[in-house]
Amino acid sequence: MSGRPVTAEADGTAPAKGPADGDRIRAVPLRHPGRWVTSAVLIFVLVFLVQGWAANPRMQWATVGEFLFAPVVLEGLRTTLLLTVAAMAIGIAGGVVVAVLRMSANPVLARLSAFYIWVFRGTPLLVQLLFWYFLSAIVPVIGFGVPWGPTFFQVDTNRLITQMTAAVLGLGLHEAAYMAEIVRAGLDSVDEGQSEAAHALGMTRRQTLRRIVLPQALRLIIPPTGNQAISMLKTTSLVFAIAVPELLTSIQGIYSRNFQQVPLLAVACVWYLVATSVLNVGQHYLERRFRRGDGRATAQRRRRQAVTPFEEPQS
Amino acid sequence: MTSAVPKSAVRAEGVCKSFGTVDVLKGIDLTVAAGEVMCLIGPSGSGKSTFLRCINHLERIDAGRLYVGDQLIGYEERGGRIHELADKAVARQRRGIGMVFQRFHLFPHLTALENVAEAPVLVNGESKAKARVRGRELLARVGLADKAGNYPSQLSGGQQQRVAIARALAMRPELMLFDEPTSALDPELVGEVLDVMRGLAADGMTMIVVTHEMGFAREVGDALVFMDDGVVVESGCPADVLGSPREVRTQAFLSKVR
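Quantities reported herein were computed from a predicted structural model and do not represent experimental measurements.

Analysis parameters
Residues numbered from 1 in each chain as written. Chains lettered and ligands numbered in written order. Predicted model: local features only at pLDDT ≥ 70, side-chain atom pairs only at ≥ 80, totals over all residues. Heavy atoms only, no water. Helix = DSSP H or I, 4+ residues; strand = E, 2+ residues; numbered from the N terminus. Rg over C-alpha atoms; globule rule 2.2 N^0.38 Å. Patch = residues over 30% accessible without salt bridge, like charges linked within 9 Å, V, L, I, M, F, W, Y side chains within 5 Å. Areas by Shrake-Rupley, 256 points an atom, 1.4 Å probe, with all protein chains shown as cover. Salt bridge = Lys/Arg side-chain N within 4 Å of Asp/Glu carboxyl O. Lys, Arg positive; Asp, Glu negative; His and termini not counted. Charge placed at Lys NZ, Arg CZ, Asp CG, Glu CD. Buried < 20%, exposed > 50% of the residue type's maximum accessible area, 1.4 Å probe, protein only. Pairing = 2+ DSSP bridges. Axes fitted to C-alpha atoms, helices over the stretch in contact; angles between N-to-C directions. Contact = heavy atoms within 4.5 Å. Buried area = accessible area lost by both parts, 1.4 Å probe. Polar contact = N/O pair within 3.5 Å; in protein donor to acceptor, adjacent residues only side chain to side chain.

The helix and strand inventory of chain B stands at nine helices and twelve strands. Taking 18 Å as the expected radius of gyration for a compact globule of 258 residues, we find that chain B reaches 18 Å, a close match to that expectation. Projected onto the principal axes, the alpha-carbon positions of chain B cover approximately 50 × 50 × 35 Å.

In this section: a positive patch on the surface. Judged by side-chain charge, Arg 206 and Arg 210 of chain A together with Lys 88 and Arg 92 of chain B come together as a positively charged surface patch. Position of Arg 206 of chain A among the secondary structure elements: in helix 10 (residues 205-235). Take Arg 206 of chain A: its relative accessible area is 67%, and that puts it in the exposed class.

Residue and element names in this part refer to chain B. One open sheet accounts for six strands, arranged 8-9-10-3-11-12; its pairing is mixed. Bordering the open sheet on either side are strand 8 (97-100) and strand 12 (231-236), each of which pairs with just one other strand. Each strand axis lies, on average, 20° off the axis of its neighbour in the sheet, ignoring direction. Sheet analysis places strand 3 (residues 37-41) next to strand 11 (residues 223-228), joined by four bridges and oriented parallel. Across the sheet, Leu 40 pairs through a bridge with Val 225, a residue of strand 11. Most of the contacts of helix 1 (residues 48-55) go to strand 9 (residues 175-179), to which it runs at about 150°, and overall it touches strand 3, strand 8, strand 9, strand 10 (206-210) and strand 11.

What follows concerns the interface of chain A and chain B. Between chain A and chain B, the contact holds 30 residues from the first and 34 residues from the second. For the pair chain A and chain B, the summed buried surface comes to about 2,800 Å²; carbon and sulfur atoms form 55% of the total. The largest share of the area that chain A buries against chain B comes from Glu 196, Ala 200 and Leu 201 of chain A, three residues that together contribute 21% of it. Run the count over chain A and chain B and you get two salt bridges. Arg 211 of chain A serves as the salt-bridge partner of Glu 118 of chain B, at 3.2 Å between the closest nitrogen and oxygen. Along the contact surface separating chain A from chain B lie six residue pairs in polar contact (both at pLDDT 80 or more).

Read these as spatial facts, not as claims about activity.
Okay, here's the thing in structure tokens:
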């Protein structure tokens with residue numbers, strides 16, 4: 001990309017005034033009847049479905065309202081959000097480490113990292129969650145000390161690995177394997193010339209990675225990471241299998257007593273949608289922050305600015 | 001790293017480099033004096049860019065010795081054996097050697113000023129404020145004082161290359177390497193970059209320039225080296241080599257580029 005300025009104003013010249021009124025093309029806009037027809041049909045179908053759904057007495061909307069802000073539901077939502085944040089934090093940090101190791105010149109580290117990805121991506125998350133939960137069955141006590149030597153202190157595995165830690169570990173370590181591949185793709189996408197330029201300035205490999213390569217890779221890493229976070233928010237519902245009281249588990253607890261399954265699942269959907277919407281907004285701002293200096297983004301912004309004067313009707 | 005440059009700024013002795021089975025450099029011997037501007041010319045694939053990249057150890061040499069000042073580049077001779085240098089030590093050697101690339105390689109996520117001020121802060125531990133003041137001075141020196149806040153994507157090729165030169169100068173190098181600095185530029189932008197380089201040469205900077213700009217080589221160069229197929233074919237005063245080449249290969253090359 002030799003990034004030459006595209007618009008006239010970037011060269012410092014004022015934007016063109018536009019042609020004189022006599023020359024200005026006043027074309028009849030092209031009509032799109034097909035668009036109107038498909039839109040009308042789809043809106044009709046949508047209204048029909050929503051109306052039918054909303055008016056259905058079996059949906060028990062009163063029950064939905066009753067439980068939407070129930071303390072046990074909100075507590076479950078809080079746990080879901082906590083699990084998402086903790087698991088993503090482990091996933092992202094772990095993913096960066098695994099990706100960097102994967103690209104390391106040390107063959108042992110690179111292979112180990114590949115092995116990690118193979119195992120954690122290759123087995124079902126549900127199995128991994130159960131595995132962490134039942135860890136105490138294989139390792140009843142966890143001790144800290146010199147291997148094959150004295151132990152300084154030890155704890156009961158069941159005490160250390162609670163349901164919550166099992167959930168965070170399971171979700172986080174599984175996520176790290178996926179994040180590692182995302183991070184690796186991002187790092188790979190940064191032009192080799194960037195590292196060379198940084199090295200030529202006397203930066204060490206570590207400095208180059210931290211200040212030059214990683215910030216540029218983030219631009220590619222963030223959108224799929226946003227996807228992962230949204231996916232994680234919903235995946236946390238899997239931990240009902242190890243009885244962590246998150247949103248879905250709480251909901252199930254309620255409908256196992258009052259048998260109002262559908263309205264309560266609707267409550268869960270409302271909260272999942274609210275939470276993913278918040279994540280969407282966050283992702284949007286993060287992406288904008290890390291697109292700084294992106295040629296395409298800058299050109300788009302400039303084009304938008306350049307277009308305005310032409311769209312204003314000239315008297 | 002502020003020691004005065006000895007008489008010879010760069011000394012290559014029998015430098016060899018191969019990529020796999022391809023021998024790219026087959027024993028390069030040459031010396032660049034401090035304050036000298038040496039231009040390297042030759043057909044593509046002759047090894048001139050590779051040689052330049054060996055000087056700051058972007059490529060490691062397979063045989064011979066390469067000194068910048070009194071330092072052996074990339075290696076250390078200890079107890080009669082050659083030892084590879086650690087990443088940090090190589091980075092330290094590179095601080096005194098500026099490099100300008102054919103395709104600029106500005107950092108796209110940083111503004112022009114940040115591009116220039118990044119390495120002095122990160123590598124030399126200068127204060128941010130000081131680095132920014134000096135960054136603005138350097139941008140002014142390459143004629144881009146008003147572009148400090150622009151991102152590389154908002155600059156023309158010629159402007160990007162001038163920022164790249166300022167970025168290299170920010171590390172106060174004693175030697176500047178130019179790898180075909182104008183080859184990726186539109187013809188009308190070549191002049192502005194050559195002007196900056198001319199100014200640097202006039203200030204006494206030691207420069208090695210891989211170039212196809214024969215006019216620049218003749219006017220600014222103190223020495224000219226013609227390389228072909230991994231060896232130095234002919235070298236000497238630019239006017240002599242360009243005006244009356246002795247070797248057949250030099251004659252053939254020059255007749256094509258004119």
